[in-house]
Amino acid sequence: MTGTVVVTGATGFIGVAMIAALREHGHGVIALVRDVDRARGKLGDGVELVAADLETPGPWQARLGGAIAIVHLAGEPIGDKRWDARQKQVIRDSRVEATRVVVEGIAALAASERPRVLVSVSGVDYYPAAPPGDYDDDEVAESDPPADTFLGRVCRDWEREAAAAEPLGVRVLRPRLGIVLGPGGGALDRMKQAFKLHAGGKLGSGQQWVSWIHRDDVVGIVLAALDDATYSGPVNAVAPETVRNAQLAKSLGLALHKRSWLPAPKFALKLALGEFADAVLTGRRVVPKKLAQLGYAWKHPTLAEALVDCV
């Protein structure tokens, strides 16, 4: 079924690809953006642009009415700036408060005008990570509890605000994203820069698990969710092949035809990243149990193939 889909985070790494795919599948798109002129330059014609500060109620909330779905991707990047008290608040508010205001907008609509589906992304940082030096091989599935860390609490509260749309008659899918890989941006661009500086090795010991997914599969999961009512609740949006950080570095080096030899030691990461270093030095072996049960067919199930596509 086609119709109008509202997208937040529209000019981001995932958002641009998401909008292109939605339009290719016959959907109309309303993009909620901070800067309409900048967004027009990235998204081109054919997309309705609506100025919106998602953390502040406003006229933009009325534009949610009549849409068949909302794809909520907005959120401050967690690794672009060093964390301090202010940046951590920005990270939290851009997710938790923005989602609360989006759901308040849905609640204000007449029942017949409400979207059928809300896809509100979260992250695998929801789950506890094994501490450095403890590289647990246990698999982490959707039923596992949240972590009592900064990012764990953010993800927990973020998802709680999204789930508040369910009593309003809206089906809510909460994809917990791993590191999203794809050409032309995102985490992979930062990794490639390290290789260009001959510093593309493992992070710390390299034994921590890395949860990843290709951007094409993020888009594929959302498209599937628009039509399939069995897609609901939390879903681990990760590839079926789990890898350790050292394997990721080696595979990317092979794809780039660069040597992966210079590791980034723990103390250097702590100096460079501060508290955020804990997030890259630890990991968890997240598996897509629900997606497998739903029968989702991955476009890029293996890391080596995904990286070839990306580079």
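The following paragraphs examine the structure supplied in this document. (Residues numbered from 1 in each chain as written. Predicted model: local features only at pLDDT ≥ 70, side-chain atom pairs only at ≥ 80, totals over all residues. Heavy atoms only, no water.)

### A word on the layout of surface pockets
Note the threshold: Using protein atoms alone on a 1 Å grid, points that fit a 1.4 Å probe yet trap it form a cavity, whereas open point sets bounded by protein on both sides within 12 Å along at least five of seven lines form a pocket; residues with an atom within 4 Å of a point count as lining. Grid points are joined across faces, edges and corners, and a volume is the space filled by probe spheres set on the points. Helix numbers and strand numbers start at the N terminus; a helix is a DSSP run of H or I with at least 4 residues, a strand a run of E with at least 2. Three classes are used: nonpolar for Ala, Val, Leu, Ile, Met, Phe, Trp, Tyr, Cys and Pro, charged for Asp, Glu, Lys and Arg, and polar for all others, with Gly counted as polar.
Size it by volume and the second largest pocket reaches roughly 280 Å³. For the lining of the second largest pocket, the elements supplying multiple residues, two or more each, are helix 4 (150–163) and helix 9 (277–281). Among the residues forming the lining of the second largest pocket, the class breakdown is 10 nonpolar, 3 polar and 4 charged.

### Focus on the pattern of salt bridges
Where we set the bar: Here a salt bridge means any side-chain nitrogen of Lys or Arg lying within 4 Å of a carboxyl oxygen belonging to Asp or Glu. The rule is simple: take the accessible area with a 1.4 Å probe, protein chains only, and divide by the maximum for that residue type; under 20% is buried, over 50% is exposed, in between is partly exposed.
With the rule as written, the count across this model stands at 14 salt bridges. Across the pair Glu-97 and Arg-100 runs a salt bridge whose closest N-O atoms are separated by 2.7 Å. In this pair, Glu-97 and Arg-100 are both assigned in helix 3 (residues 85–107), 3 residues apart and thus about one turn of the helix distant. What makes Glu-97 partly exposed here is its relative accessible area of 23%.

### Some points on helix 2 (residues 36–43)
Note the cut-off: Under this definition, polar contacts are N or O atom pairs within 3.5 Å; protein pairs additionally need one hydrogen-donor-capable and one acceptor-capable atom, and for neighbouring residues in sequence, both atoms have to be side-chain atoms.
The N-cap of helix 2, judged by a side-chain oxygen 3.1 Å from the amide nitrogen of Asp-37 a few residues on, is Asp-35. Of the residues flanking the end of helix 2, it is Gly-44, one or two places downstream, whose phi is positive at about 75°.

### Observations concerning the nonpolar core
Heads up, the rule is: Definition of nonpolar core: a set of buried residues of the types Ala, Val, Leu, Ile, Met, Phe, Trp, Tyr and Cys, connected through side-chain atoms within 4.5 Å. Any two residues whose heavy atoms approach within 4.5 Å are treated as being in contact.
The biggest cluster of nonpolar side chains holds 48 residues, and the ones touching the most others in it are Val-7 and Met-18. Among the elements that line this core, the one with the most residues is helix 6 (residues 215–227), at 7 residues. Not counting chain neighbours up to four residues away, the residues in contact with Val-7 comprise Ile-19, Leu-22, Val-29, Ile-30, Ala-31, Leu-32, Val-71 and Leu-73. Core analysis: the second largest hydrophobic core is formed by 22 residues, Leu-54, Ile-70, Ala-165 and Val-172 among them.

### Overview of the side chain of Gln-87
Counting through the fold element by element, Gln-87 comes out in helix 3. Separated by 3.1 Å, the side chains of Gln-87 and Glu-76 make a polar contact. Discounting chain neighbours no more than four positions away, the residues touching Gln-87 are Glu-76, Pro-77, Lys-81 and Arg-82.

### Here we look at the pairing of strand 4 (residues 69–72)
Quick note on the threshold: When DSSP finds two or more bridges between a pair of strands, those strands are recorded as paired. Here, the term right-handed applies to a crossover whose path from the first strand over the helix to the second runs clockwise when the strands point away from the viewer.
By the alternation rule, side chains of strand 4 split into Ala-69 and Val-71 and Ile-70 and His-72, which are all buried. Looking at chain direction, strand 1 (residues 4–8) and strand 4 are connected through 4 bridges and run parallel. Across the sheet, Val-6 pairs through a bridge with Ile-70, a residue of strand 4. The β-α-β motif built from strand 4, the intervening helix 3 and the parallel element strand 5 (residues 117–120) has right-handed crossover chirality.

### Some thoughts on the packing of aromatic side chains
Put simply, the rule reads: Between 30 and 60 degrees the pair is tilted, below 30 it is stacked and above 60 it is edge-to-face, where a pair is any two Phe, Tyr or Trp rings, Trp via its six-membered ring, whose centres lie within 6.5 Å. Working rule: Lys NZ or Arg CZ, within 6 Å of ring centre, within 35 degrees of ring normal, means a charge sits over the ring.
All chains considered together, the criterion is met by 3 aromatic pairs. With centroids separated by 5.2 Å and ring planes inclined at 70°, the aromatic side chains of Trp-83 and Phe-150 adopt a geometry described as edge-to-face. Of this pair, Trp-83 sits in the loop between strand 4 and helix 3 while Phe-150 sits in helix 4; the two residues are 67 residues apart in sequence, bridging distant segments of the chain. Assessed through its relative accessible area of 14%, Phe-150 is described here as buried. Sitting over the face of the ring of Phe-150, Lys-88 holds its NZ or CZ atom 4.9 Å from the ring centroid. One cation-aromatic arrangement involves Arg-176 over Tyr-126; the distance from NZ or CZ to the ring centre is 3.7 Å.

### Some words on helix 6
Counting buried positions over the 13 residues of helix 6 gives 10, a clear majority of the element. All of the buried residues in helix 6 are Arg-215, Asp-217, Val-218, Val-219, Gly-220, Ile-221, Val-222, Leu-223, Ala-225 and Leu-226.

### What about the pairing of strand 1?
In terms of burial, strand 1 is largely enclosed, as 4 of its 5 residues are buried. The pairing of strand 1 with strand 2 (residues 28–33) spans 5 bridges and is classified as parallel. In the strand pairing of strand 2, Val-5 is matched with Val-29. Considered for its hand, the β-α-β crossover made up of strand 1, helix 1 (residues 13–24) and strand 2 is right-handed.

### Description of the packing of helix 3 against helix 4
The test is simple: Axis definition: a line fit to C-alpha positions, over the contact stretch in the case of helices; interaxial angles, taken between N-to-C directions, run 0 to 180 degrees. We call two directions roughly parallel when the angle between them is under 35 degrees, roughly antiparallel when it is over 145, roughly perpendicular when it lies between 65 and 115, and oblique otherwise.
Two elements in contact, helix 3 and helix 4, have axes separated by 8 Å at closest approach and are oriented at 10°. When the axes of helix 3 and helix 4 are compared, the pair comes out roughly parallel. Along the contact surface, helix 3 presents Lys-88, Ile-91, Arg-92, Arg-95, Val-96, Thr-99, Arg-100 and Val-103, while helix 4 presents Phe-150, Val-154, Asp-157, Trp-158, Glu-161 and Ala-162. For the contact of helix 3 with helix 4, the per-class residue count stands at 7 nonpolar, 1 polar and 6 charged.

Interpretation in functional terms is not warranted from these geometric data alone.
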